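In case you want the letters, here they are:
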Amino acid sequence: MRFFDLLLCAGLLLLAGFVVRLDFRDARSVNRLTTTTALSQAAPAAIRTLSGFDRLGKPTDQLPGGTKHVAIFLMHGATFRAEADLWNSARGLYPTMEFAGVCGDAACIRQAAATRGKLNFTVATMGDYYALRRLLLTDDGGKFMVLNRESGAIREVDTPKSSAELTRLKSILPENQ
Amino acid sequence: MTMPGNWLQRISILAILINVPAIGAHYYFAHRFYSAAGLPSGLRVTPVTGVTVSGEEITGSAAAARDCHVLRYTSIHCHWCREDEPSWQALERDLQRRGCDSTLFGPTALDIPKDAVSTTDRHWLAVVPASAAREIKFFATPTTIVFDRQWRVTWSKMGILEKGDLEKAARSVK
């Protein structure tokens, strides 16, 4: 009986050691997975390759050039008209910046195609997978990206919902500081 | 109870107290890892469209034309993707024989091999629509997902393909 108790106790201890070791290995794996692949705030990425059209309606595969900063924002089919009107006016307010809207759904792609050449900013209907995921997360947080083309730095700024909010961005956007 | 018995009892209780949370933690990690690692079978996604490296647009109807589809998330900068290339090619060949087409893309267009060639049953996509990024959440390269004709997940695997995966993937589209 004593031998059986000892055997049982040793077995439980061995099992505990095995499972705790397994836990440490699992924790390391999960940690490695999340730190190397998760789309965290520490891993911003701006869209670099895209399929879309520029302000003139010409096909393009890159962000608009010529300025240090580019604003990259997500556009939604359900509110496309209002968003297009708002961002159309942005270029007048911020002439030293370029703007690129990225379609987030099929309805946006359809409407963007219908207004091709009439928008005052570049529209991307497709782009780099990882950058799109990052932009979707940014948009979920009610923000858009401002890319510094020289340094590659990305700043996330609250997405304006009205002309007044767009004007207020003057104090936030890099070119105006 | 004698002293040695008491000692044994205390050690055993301690071992049980360690075991219970340790096993719970193992299940928690296994679940987290699993949920992060692949897509659940049966999940239906929008057909993966895009523009290939050669500039050809893969439309929704072209993407849904075949009986099954295999999606590969890969990168030329990923060591394990290179290690996994022979297994992937064997899997791709086998699935193409069964009527599937394959779609490959990476985190960015720069992750695609410079000599990548798209064919009628193999699409190397440089860019994808936001719907792909919204519906298919890849965490790491390489990841392989098999879909049926309606783009419902039948099998998926994050990481390198292992012995038996080819059979499982092939069985899933029968």
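Reading guide: rules and limits
- Residues numbered from 1 in each chain as written.
- Chains lettered and ligands numbered in written order.
- Predicted model: local features only at pLDDT ≥ 70, side-chain atom pairs only at ≥ 80, totals over all residues.
- Heavy atoms only, no water.
- Disulfide = S-S within 2.5 Å.
- Buried < 20%, exposed > 50% of the residue type's maximum accessible area, 1.4 Å probe, protein only.
- Helix = DSSP H or I, 4+ residues; strand = E, 2+ residues; numbered from the N terminus.
- Patch = residues over 30% accessible without salt bridge, like charges linked within 9 Å, V, L, I, M, F, W, Y side chains within 5 Å.
- Areas by Shrake-Rupley, 256 points an atom, 1.4 Å probe, with all protein chains shown as cover.
- Salt bridge = Lys/Arg side-chain N within 4 Å of Asp/Glu carboxyl O.
- Axes fitted to C-alpha atoms, helices over the stretch in contact; angles between N-to-C directions.
- Parallel < 35°, antiparallel > 145°, perpendicular 65-115°, else oblique.
- Left-handed = near helix turned anticlockwise from the far one by under 90°.
- Contact = heavy atoms within 4.5 Å.
- Nonpolar A, V, L, I, M, F, W, Y, C, P; charged D, E, K, R; others polar.
- Right-handed = clockwise from strand over helix to strand, strands pointing away.
- Pairing = 2+ DSSP bridges.
- Buried area = accessible area lost by both parts, 1.4 Å probe.
- Polar contact = N/O pair within 3.5 Å; in protein donor to acceptor, adjacent residues only side chain to side chain.
- pLDDT = per-residue confidence, 0-100.

Student: Which residues make up the state of the cysteines, and what values go with them?
Tutor: Following the criterion strictly, the structure yields three disulfides over all chains and no others. Across a sulfur-sulfur distance of 2.1 Å, Cys103(A) and Cys108(A) are joined as a disulfide pair. As the torsion about the S-S bond is roughly -70 degrees, the Cys103(A)-Cys108(A) disulfide counts as left-handed. Here Cys103(A) and Cys108(A) have matching classes, each one buried. Covalently, Cys68(B) is tied to Cys100(B) through a disulfide, its sulfur atoms 1.8 Å apart. Torsion about the S-S bond of the Cys68(B) and Cys100(B) cystine: about -90 degrees, corresponding to left-handed handedness. Note that Cys68(B) is positioned in strand S3 (residues 68-73) and Cys100(B) in strand S4 (residues 100-105), a separation of 32 residues in sequence. Each member of the pair, Cys68(B) as well as Cys100(B), is classed as buried. Each disulfide in chain B links cysteines that, numbered along the sequence, combine into the pattern 1-4, 2-3.

Student: Can you explain a nonpolar patch on the surface? Please cite residues and give values.
Tutor: Side chains of Leu15(A), Phe18(A), Ile23(B) and Tyr27(B) sit close together on the surface and give an oily, nonpolar patch of about 410 Å² of accessible area. Among the secondary structure elements, those contributing two or more residues to the nonpolar patch are helix H1 (2-37) of chain A together with helix H1 (3-37) of chain B. Summarising the element assignment, Tyr27(B) is placed in helix H1.

Student: Account for the packing of helix H3 (residues 79-97) of chain B against helix H5 (residues 165-172) of chain B, with residues named and values stated.
Tutor: Residue and element names in this part refer to chain B. Where H3 contacts H5, the two axes come as close as 10 Å, and the packing angle between them is 25 degrees. With respect to each other, H3 and H5 are oriented roughly parallel. Between H3 and H5 lies a crossing of right-handed hand. Mapping the contact onto sequence places Ala 90, Leu 91, Asp 94 and Leu 95 in H3 and Asp 165, Leu 166, Ala 169 and Ala 170 in H5. Among the residues forming the contact of H3 with H5, the class breakdown is six nonpolar, no polar and two charged.

Student: Now, about the pairing of strand S3 (residues 69-75) of chain A: what can you tell me, with residues and values included?
Tutor: On a regular strand, one side chain projects to one face of the sheet and the next to the other, so that they alternate. Residue and element names in this part refer to chain A. Buried residues dominate S3, accounting for seven of its seven residues. The two faces of S3 match: His 69, Ala 71, Phe 73 and Met 75 on one face and Val 70, Ile 72 and Leu 74 on the other face are all buried. Handedness of the crossover joining S3 and strand S4 (residues 97-103) through helix H2 (residues 80-93) is recorded here as right-handed. In this sheet, strand S6 (residues 143-148) lies alongside S3 in antiparallel orientation, the contact comprising four bridges. Within the sheet, the bridge partner assigned to His 69 lies in S6 and is Asn 148.

Student: Which residues make up the interface of chain A and chain B, and what values do they have?
Tutor: It is common to give the size of an interface as the accessible area that goes away when the parts come together. Counting from both sides, the interface comprises 35 residues of chain A and, opposite them, 43 residues of chain B. For the chain A and chain B pair, buried surface summed over both sides reaches about 3100 Å², with 72% attributable to carbon and sulfur atoms. Run the count over chain A and chain B and you get ten residue pairs in polar contact (both at pLDDT 80 or more). Where the side of chain A that touches chain B is concerned, the elements lending two or more residues are H1, strand S1 (50-53), strand S5 (122-127) and helix H4 (129-140) of chain A.

Student: Quick one: what's the story with unusual backbone geometry, residue by residue and with numbers?
Tutor: Residue and element names in this part refer to chain B. Cis geometry is adopted by the peptide bond preceding Pro 142, which originates at Thr 141 and carries an omega value of -5 degrees. By the secondary structure assignment, Pro 142 is in the loop between helix H4 (130-135) and strand S6 (143-148). One non-glycine residue with positive phi stands out, namely Trp 151, at about 60 degrees. Within the fold, Trp 151 resides in the loop between S6 and strand S7 (153-158).

Student: Quick rundown of the sheet that holds S4(A)? Include the residues and the values.
Tutor: Residue and element names in this part refer to chain A. Across the sheet, seven strands lie side by side as S2-S1-S5-S4-S3-S6-S7; this open sheet has mixed pairing. Two strands bound the open sheet, and with one partner strand each, they are strand S2 (59-60) and strand S7 (154-158). Of the strand pairs in this sheet, S3 and S4 are connected by seven bridges, and their pairing is parallel. Bridge pairing in S4 places Phe 73 opposite Gly 101.

Student: A description of the sheet that holds strand S2 (residues 57-58) of chain B should follow, citing residues and the corresponding values.
Tutor: Residue and element names in this part refer to chain B. Overall, mixed pairing links the seven strands, which are arranged S2-S1-S5-S4-S3-S6-S7 in an open sheet. The sheet terminates laterally at S2 and S7, the two strands that pair on one side only. Relative to S4, S3 runs parallel, the two being bridged by six bridges. The residue bridging Leu 71 from the neighbouring strand is Thr 103, located in S4. Packed on one face of the sheet, H5 meets S6 and S7 and runs near 160 degrees to S7.

Student: Now, about the confidence of the model for chain A: what can you tell me, with residues and values included?
Tutor: Residues and elements named next belong to chain A. Counting all residues, the mean pLDDT for chain A is 87, and 90% of those residues have values of 70 or more. Averaged pLDDT values over the elements of chain A bottom out at 79 in H1 and peak at 96 in S5. This stretch, residues 38-42, has a pLDDT under 50; its non-local contacts, to residues over four places away or in other chains, come to ten contacts.

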